[in-house]
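# Report on the structure
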Amino acid sequence: MTKKIILSPEAPAPIGPYSQAVEVNNTLYVSGQIALSVFDAGGSIEEETNQVMLNLQHILTAAGYTFDHVVKCSIFVKDMGHFAAINEVYGRYFVQNPPARETVEVARLPKDVRVEISCIAYK
């Protein structure tokens, strides 16, 4: 098994001992992404979600993938009351054939952001 570490300078650097993404056998595992700068600036949940999706896009691009390659996403939210707003932004990135997904409300996220999204892509 060959493990390739992916790091995009366009996405935030990891805030702990993990990689932005790891590719193994044509499968890309992208770590959960947050939008700390948008959250700290008082941005809306829509703006925060959009930045999370852009971070994912930067990492996918760095590895030679697109959102069309994504087969699974995991969304972690601090407040399920934001589900509709998050879903609306998320849906802009998966217009056709969206991936499998779960959305889970959690008590707390890193740096106290409101949304974190990870994904798995395959080609």
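Okay, so let's go over this structure. Predicted model, so just to flag it, every value in this text is computed and none were measured.

Looking only at helices and strands, one finds three helices and six strands in the protein. N-terminal to C-terminal, the α/β element order of the protein is β-β-β-α-α-β-α-β-β. In summary, the protein has a C-alpha radius of gyration of 14 Å against a globular reference of 14 Å for 123 residues, a match within 12%. When the backbone C-alpha atoms are referred to their principal axes, the protein occupies close to 40 × 30 × 25 Å. Burial statistics for the protein: of 123 residues in total, 40% are counted as buried. With an accessible surface of roughly 6,600 Å², the protein has 53% of that area assigned to carbon and sulfur atoms. Of the charged side chains in the protein, 10 are positive and 13 negative, and the gap between their average positions amounts to 6 Å.

Moving on, we get to the environment of Ile45. As for its placement among the helices and strands, Ile45 is situated in helix H2 (residues 45-62). For Ile45, a relative accessible area of 7% puts it in the buried group. Sequence-distant contacts of Ile45, defined by excluding residues within four places in its chain, comprise His82, Ala85, Ile86, Arg114 and Val115.

Rules used in this analysis
Residues numbered from 1 in each chain as written. Predicted model: local features only at pLDDT ≥ 70, side-chain atom pairs only at ≥ 80, totals over all residues. Heavy atoms only, no water. Helix = DSSP H or I, 4+ residues; strand = E, 2+ residues; numbered from the N terminus. Rg over C-alpha atoms; globule rule 2.2 N^0.38 Å. Buried < 20%, exposed > 50% of the residue type's maximum accessible area, 1.4 Å probe, protein only. Areas by Shrake-Rupley, 256 points an atom, 1.4 Å probe, with all protein chains shown as cover. Lys, Arg positive; Asp, Glu negative; His and termini not counted. Charge placed at Lys NZ, Arg CZ, Asp CG, Glu CD. Contact = heavy atoms within 4.5 Å.

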